[in-house]
Every structure is written in C-alpha cells, then in structure tokens.
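Chain residues, written in single-letter form:
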Amino acid sequence: ITYEAEAAIGLEAVAKDGATGYEPYPFEIFKIKDGAPLVISGLPVIRAVVDGVNKGVGMAEISARFHATVARMTTDTAKKIRQDTGLDRVVLSGGVFQNRLLSRLTEASLTQAGFIVFSHEKVPANDGGISLGQAAIALEKLKGE
C-alpha cells in the first residue's frame, strides 16, 4: 500500500452487491480463562480466504464475505459481552468504521440483534475524533486549574 487504509478502501470498492446475502467466513470467539478478555481468532478467516483464492473465487465475493464476517464478528462479540454485563448499547468508532459498507452491515446486524447503536455524525470516526476528544479533556483540565 502507498497510503493509510489503501488496502481497506480497495477491499470495500470491490465488494460485490454490497456484501448483502453472503455467508460470513468462520471465526472463533473465546476466553482463555474466566475473567479474561474475549479473544477473537481471525485464523479461520485467513484460511478460508486463502482457500477461496486458491480455488479461483473472485475478489468481489471474497471482499463481500470478509465484510460480512467482520460485521458478524462484531455482533457476536457484543452478544457475548451483553450476556456477561447486560449492556445493550454499542458505539461504532475508529477509522475502520469510515468504511461505509462495514458500518452499514455492522449497524444492521447489531440492530437486528437488539442493540442500540451509536456512531459518529459530526466528528470523524478516525484520528480526528481522537484529537477532538483529547482537546476536550485538555480544556476540562485547564478549567480546573
């Protein structure tokens, strides 16, 4: 790649039919021990993508399935967290959610699973939003002095 997010942008651009109706690749979510954070293993995803490439599956289908996988992975993780905590609100943030396709698929999946979903409207989801948050914290600290 020659710039940040170039590969992700290219992958989004080739997703066939907006990834609707494609079966997600397999993945695993587990805890190493009680009380430990969840672990999301993408190894089955990588194996399935490589297998698809070796079988001549087109990039559009691979991209669509990959996007569907990340959306499902996010939803399944949120479901596991809800089981432990009762939380039903999810905030989609970070540069990855500048991918409109991924944002749309993830929000739809979470909403269908009964979550209330929040996302950026006026502030960018990437480092610009982080910078604004840092500035807001600095301002509050300065007010306290």
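Just so you know, these numbers come straight off a predicted model, no measurement behind them. (Residues numbered from 1 in each chain as written. Predicted model: local features only at pLDDT ≥ 70, side-chain atom pairs only at ≥ 80, totals over all residues. Heavy atoms only, no water.)

Quick word on the nonpolar core
For clarity, the cut-off: Take the buried residues of types Ala, Val, Leu, Ile, Met, Phe, Trp, Tyr and Cys, join any two whose side-chain atoms come within 4.5 Å, and each joined set is a nonpolar core. Any residue under 20% of the maximum accessible area for its type is buried, any over 50% is exposed, and the rest in between are partly exposed; the area is computed with a 1.4 Å probe on protein chains only. Note on definitions: a residue-residue contact is assigned when non-hydrogen atoms from the two residues lie within 4.5 Å.
Residues A78, V90, L92, F97, L102, L110, F115 and V117 constitute the largest nonpolar core, which totals eight residues. Look past the residues within four positions of F97 in its chain and what remains in contact with it is L92, L102, S103 and T106. Listed in part, the seven residues of the second largest apolar core include Y25, I29, V45 and A48.

Thoughts on the pattern of salt bridges
Going by this rule: Put simply, a salt bridge is a Lys or Arg side-chain nitrogen that is within 4 Å of an Asp or Glu carboxyl oxygen.
In total, this model carries three salt bridges according to the counting rule given. When the shortest N-O distance is used, the salt bridge between K55 and D51 registers 3.2 Å.

Things to note about the packing of helix 2 (residues 43-54) against helix 3 (residues 59-85)
Note the threshold: Orientation is described by axes fitted as lines to C-alpha atoms, over the contacting stretch for helices, and by angles from 0 to 180 degrees between their N-to-C directions. For the purposes of this entry, the term helix denotes a DSSP run of H or I that reaches at least four residues, the term strand denotes a run of E that reaches at least two, and both are numbered from the N terminus. Just so you know how the angles are binned, under 35 degrees is roughly parallel, over 145 roughly antiparallel, 65 to 115 roughly perpendicular, and the rest oblique. Crossings are sorted by hand: turned counterclockwise from the far helix by less than a right angle, the near helix makes the crossing left-handed, and turned clockwise it makes it right-handed. Residue classes follow a fixed rule: Ala, Val, Leu, Ile, Met, Phe, Trp, Tyr, Cys and Pro count as nonpolar, while Asp, Glu, Lys and Arg count as charged, and any other residue, Gly among them, counts as polar.
The geometry of helix 2 relative to helix 3 is characterised by a closest axis approach of 11 Å and an angle of 170° between their N-to-C directions. Looking at the two axes, helix 2 sits roughly antiparallel to helix 3. For the pair helix 2 and helix 3, the sense of crossing is right-handed. Listed contacts from helix 3 to V45, V49, G52 and V53 of helix 2 are I62, F66, T69 and M73. Split into classes, the residues belonging to the contact of helix 2 with helix 3 amount to six nonpolar, two polar and no charged.

Considering the packing of aromatic side chains
How two aromatic rings sit relative to each other is given by the distance of their centres and the angle of their planes. Threshold: Each pair of aromatic rings taken from Phe, Tyr and Trp, with Trp reduced to its six-membered ring, is defined by centres within 6.5 Å and is described as stacked if the planes are under 30 degrees apart, edge-to-face if over 60, and tilted in the remaining cases. Any Lys NZ or Arg CZ that is within 6 Å of a ring centre and within 35 degrees of that ring's normal is treated as a charge sitting over the ring.
This structure, assessed with the given rule, holds zero aromatic pairs. Across the ring face of F115, the terminal group of R82 is positioned such that the distance to the ring centre comes to 3.9 Å.

Some remarks on a nonpolar patch on the surface
Inclusion rule: By definition, no residue in a patch forms a salt bridge, and every one has over 30% relative accessible area; like charges are joined within 9 Å, nonpolar side chains (Val, Leu, Ile, Met, Phe, Trp, Tyr) within 5 Å. Here the Shrake-Rupley method, with its probe set to 1.4 Å, supplies the accessible areas, and only the displayed protein chains count as covering residues.
A surface patch of nonpolar side chains, amounting to about 260 Å² of accessible area, comprises L43, I46 and V50. Positionally, L43 belongs in helix 2.

Observations regarding the side chain of S63
Note the following rule: A 3.5 Å cut-off defines polar contacts: any pair of N or O atoms within that distance qualifies, except that in protein one atom must be a possible hydrogen donor and the other a possible acceptor, and neighbouring residues in sequence count only when both atoms are side-chain atoms.
With respect to the helices, strands and loops of the structure, S63 is situated in helix 3. Judged by relative accessible area, S63 falls into the buried class, the value being 0%. Within the local environment of S63, its side chain forms a polar contact with the backbone oxygen of L11, the two atoms lying 2.3 Å apart. Once residues within four sequence positions are removed from consideration, S63 is found in contact with L11, E12, V14 and A15.

Some points on the packing of helix 3 against helix 4 (residues 100-112)
Interaxial distance between helix 3 and helix 4 falls to 9 Å at its minimum, and their mutual angle equals 40°. Taken together, helix 3 and helix 4 sit at an angle that is classed as oblique. Considering how the two elements wind past one another, helix 3 and helix 4 form a crossing that is right-handed. Between helix 3 and helix 4, the contacting residues are H67, A68, V70, A71, T74, T75 and A78 on the first element and L101, L102, L105, T106, S109 and L110 on the second.

Thoughts on the pairing of strand 3 (residues 89-92)
For a regular strand, the rule is simple: side chains alternate between the two faces of the sheet. The condition that has to hold: Note on pairing: two strands pair once DSSP finds at least 2 bridges between them. Here the term right-handed applies to a crossover when the path leading from its first strand over the helix to its second strand runs clockwise, the strands being oriented away from the viewer.
Residues V90 and L92 point to one face of strand 3 and are all buried, whereas R89 and V91, pointing to the other face, are not buried. Relative to strand 4 (residues 116-119), strand 3 is paired through four bridges, and the arrangement is parallel. What sits directly across from L92, in strand 4, is S119. Handedness of the crossover joining strand 3 and strand 4 through helix 4 is recorded here as right-handed.

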